[in-house]
Amino acid sequence: MVSTRVLVADDHAAVRAGIVLILDGADDIEVVGEAEDGERAVAMAEELRPDIVLMDVRMPRLDGISATRALAGVCDVLILTTFDVDEYVFGALRAGAAGFLLKNTDAESLLEAVRVVARGEGLIAPGVTRRLIAAFAEQLPARREPATDPAGLTPREQEVLACIGRGLSNAEIARELDMAEATTKTHVSRVLNKLGLKSRVQAAIYYSEGT
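Residues numbered from 1 in each chain as written. Predicted model: local features only at pLDDT ≥ 70, side-chain atom pairs only at ≥ 80, totals over all residues. Heavy atoms only, no water.

The axes of two packed helices give the description: the angle between them and the distance between them. Look at helix 1 (residues 13–24) against helix 5 (residues 107–118): their axes get within 10 Å of each other, and the N-to-C directions meet at 70°. When the interaxial angle is binned, helix 1 and helix 5 end up roughly perpendicular. Here I19, I22 and L23 of helix 1 lie close against helix 5, whose contacting residues are A107, L110, L111 and V114. In terms of residue class, the contact of helix 1 with helix 5 is made up of seven nonpolar, no polar and no charged. (Axes fitted to C-alpha atoms, helices over the stretch in contact; angles between N-to-C directions. Helix = DSSP H or I, 4+ residues; strand = E, 2+ residues; numbered from the N terminus. Parallel < 35°, antiparallel > 145°, perpendicular 65-115°, else oblique. Contact = heavy atoms within 4.5 Å. Nonpolar A, V, L, I, M, F, W, Y, C, P; charged D, E, K, R; others polar.)

This is how it looks when you write it as structure tokens:
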């Protein structure tokens, strides 16, 4: 079984220890490091190349949102915070976070969140989803018809964007569009680059705003 490699970033040692204990209890997840601040999280992620960084928001030296922005293209970031504040939610997703989760999440939900992000899907805490979509969609560029799409998406990329908008994972997109999963990942990356977006969550909102 291939393990998902996770780096845990939180400035509270006791919180980090608790998160690590939960993650280490799963056979399919491996904790590869711990960071006590944002600068350390960025440095360790660039060195260790984990699949996911579980990132707190409020940390010394460099906050979690700035650290997330710095890790765009390095690895996925799943924000894990105590604070259900719009500024943090929107800031994290604009920075390219793959998900946003609250620390009151139970152990099984935390493990499932890591697995969801590892599959290439986005994840938002249920309590913030509705207001996130309503507010964040207003700040994304309006979706155009394919013929006049300034991003120049190919027909296949438009199909991939539609699948992302429906919440499909890379594996599900590959099955639906009858192509290899590696090819799907390439198309997803191209869609994000052409649209100037940083995450699948942003792409899903971009698509839904135009439908």
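A few words now on unusual backbone geometry. Despite not being glycine, R49 shows a phi value in the positive range, around 50°. Residue position: R49 is located in the loop between helix 2 (38–48) and strand 3 (52–55). Take R49: its relative accessible area is 47%, and that puts it in the partly exposed class. If you check the backbone angles, D178 has positive phi at about 55° while not being a glycine. With respect to the element layout, D178 can be found in the loop between helix 8 (170–177) and helix 9 (181–195). (Buried < 20%, exposed > 50% of the residue type's maximum accessible area, 1.4 Å probe, protein only.)

In this structure, strand 1 (residues 4–9) lies alongside strand 2 (residues 29–35), joined through six bridges in parallel fashion. What sits directly across from L7, in strand 2, is G33. Of the crossover connections in this fold, the one passing from strand 1 over helix 1 to the parallel strand 2 is right-handed. (Pairing = 2+ DSSP bridges. Right-handed = clockwise from strand over helix to strand, strands pointing away.)

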